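Inside the fold
Now for the letters of each chain:
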Amino acid sequence: MTGTDLFGPAKLGAFDLQNRVAMAPMTRHRALDGGWTPADYAPDYYGARSSAGLIITEATQCSAGAAGYPRTPGLWCDRHLDVWTKVVAAIQAGGAKAVLQVWHCGRISHPDNLPTGHDVIGPSPVAADAFNISDKQGGVQVQMPVPMEMSEAAIEQVIAEYAQCARYAKAAGFDGLEIHAANGYLLEQFASSNTNLRTDAWGGSVENRLRLQDRVIAVVAEVFGHDRVGIRFSPFGTFNDIHDDDPLGIYIAKLKHAERSGVGYVHVIRPSVSGNVDSDAPMPKADVVAIAREYFSGLLIAAGQFDRAESEAELAAGKCDIIAFGRPFLANPDLVERLKSGAPLKQPRTELIYAGGREGYVDDIAAV
Ligand SMILES: Cc1cc2nc3c(=O)[nH]c(=O)nc-3n(C[C@H](O)[C@H](O)[C@H](O)COP(=O)(O)O)c2cc1C
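These numbers come from a predicted model, not from an experiment. (Residues numbered from 1 in each chain as written. Predicted model: local features only at pLDDT ≥ 70, side-chain atom pairs only at ≥ 80, totals over all residues. Heavy atoms only, no water.)

**Some points on the pairing of strand 13 (residues 265–269)**
Using the following cut-off: When accessible area is computed with a 1.4 Å probe and restricted to protein chains, residues below 20% of their type maximum are described as buried, those above 50% as exposed, and intermediate ones as partly exposed. Note on conventions: DSSP H or I runs of at least 4 residues are helices, E runs of at least 2 residues are strands, and numbering of each starts at the N terminus. When the strands point away from the viewer, a crossover counts as right-handed if the path from the first strand over the helix to the second runs clockwise. Two strands make a pair as long as DSSP finds a minimum of two bridges between them.
When you tally the buried positions in strand 13, you get 5 out of 5 residues, the bulk of the element. Where burial is concerned, the two faces of strand 13 agree: the one with Y265, H267 and I269 and the one with V266 and V268 are both buried. In this fold, strand 12 (residues 229–233) hands off to helix 7 (residues 247–261), which returns the chain to strand 13; that crossover is right-handed. Of the pairings in the sheet, the one linking strand 13 to strand 16 (residues 299–303) comprises 5 bridges and is parallel in character. Residue pairing in the sheet places V268 in a bridge with A302 of strand 16.

Here is the structure:
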């Protein structure tokens, strides 16, 4: 029988894990700009962290039109497949399981960050009150434009792009696929009342607003099997100017839809973290991890400001099954060993977190 030890092996659904530590998905902006190909040293970065039980990759575009930022990778062609295959091999060589996080940025994009011929799109023409970065303009902050409202055909095309990405991910050898439905990107734009003003079958009722989530789950599960598909939510989060009139209600609805779809896991970010930083918003009373347990019967991954003591307590209490660590993995590829031994954690060089190139990414691996 599988225990609840953070460091012990665990057979959880379709995932046979060497421990219950997951590396949370983290965008690092190292892809080769213009080509959206992961850097050829990405396998070193991921491989160095492969003592984790599960590694969830940085968010990865399902298509050229899904891009939002400079230097974020995609997986929609053989060139991408080649590097991702090496990343997967490096992760699995260390004993970890590899999951691709797939995203479409929707309105959180800018023409400078999209290949020629692609528009910034979203469920409705509502611009995000948030900034993006443009490499083309020398790394300055740029206001995000009003997105073009997606036609029915455009929605169907995006669904097909998710399916194609899943096929590439399968070909690369990934053990699973995580749908990024958190942090204000396309799926959350469809789900949320401030960004989805549609009056057709994709807007209005909660059922309609979650139709895209349902459809994307269905097409990627056809490729991977439901038990190898996960979905990530950021309940009560407002990162990327996302809001819902009923944040608890929409969260519970997402969980019910996930349950009904039969996905293998739900990955919940606690509201104490907003995107990539600690939140300074007032905290909701709701315990989002407990709510996920109540409405979703599959595997549960919890993320957001966990340390060893709290991880062990949550696991022992049966509140979740896997703990995902984000920022602690940035400068500590050997995070599992450090948590185990109590060795101090190194701090990342913050100015290099999103910088391109090897520095602050793979240059310190040997120094571990
Ligand atoms: C540098 C950085 C990049 C991130 N990129 C992503 C991403 O690509 N996809 C995603 O779902 N979350 C992303 N996040 C959020 C993390 O996955 C995680 O939820 C958050 O950092 C909270 O966990 P922590 O407190 O252990 O860092 C990012 C966070 C950081 C710090």
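**Here we look at the site of the ligand**
To keep things clear, this is the line we draw: For this purpose, a residue is taken to be near a molecule or strand whenever a single non-hydrogen atom of the residue falls within 4 Å of it. In the analysis that follows, any N or O atom pair within 3.5 Å is treated as a polar contact, provided that within protein one partner can donate a hydrogen and the other can accept it, and provided that, for residues neighboring in sequence, both atoms belong to side chains. Only the protein chains shown count as cover for residues, with accessible areas throughout obtained via the Shrake-Rupley method and a probe of 1.4 Å. Note on residue categories: nonpolar means Ala, Val, Leu, Ile, Met, Phe, Trp, Tyr, Cys or Pro, charged means Asp, Glu, Lys or Arg, and polar means any other residue, Gly included.
Lining the immediate surroundings of the ligand are 21 residues, of which P25, T27, R232, Q305 and R327 lie closest. Within the side chain of T27, a nitrogen or oxygen atom sits 2.7 Å from an oxygen atom of the ligand. Q305 is positioned such that a nitrogen or oxygen atom in its backbone is 2.7 Å from an oxygen atom of the ligand. About the coverage of the ligand: the protein hides 96% of its 600 Å² of free accessible area. Residue composition of the shell around the ligand, by class: 10 nonpolar, 9 polar and 2 charged.

**Some details on the packing of aromatic side chains**
Under the convention used in this document: Under the pairing criterion, centres of Phe, Tyr and Trp rings, with the six-membered ring standing for Trp, must be within 6.5 Å; the plane angle then separates stacked pairs below 30 degrees from edge-to-face pairs above 60, leaving the rest tilted. Comment: the charge-over-ring label is applied if NZ (Lys) or CZ (Arg) is within 6 Å of the ring centre and within 35 degrees of the ring normal.
Counted under the stated rule, the structure contains 9 aromatic pairs. On the numbers, 6.2 Å between centres and 65 degrees between planes, the contact of F15 with Y265 is edge-to-face. Note that F15 is positioned in strand 2 (residues 15–17) and Y265 in strand 13, a separation of 250 residues in sequence. Among the residues examined, F15 registers a relative accessible area of 2% and is labelled buried. Each ring, one from W84 and one from F174, has its centre 5.9 Å from the other, and the planes form 55 degrees; the classification is tilted. Taken together, the residues W84 in helix 2 (residues 78–93) and F174 in the loop between helix 3 (152–172) and strand 11 (176–180) connect sequence positions 90 residues apart. In this structure F174 comes out as buried when scored by relative accessible area, which is 4%. In textbook terms, an aromatic cluster arises when at least three aromatic residues are bridged by ring pairs, as seen for Y41, Y45, Y46, W84, F174 and Y361. Positioned over the ring face of F15 is R228, at 5.8 Å from the centre of the ring.

The values are spatial; any link to function lies outside them.
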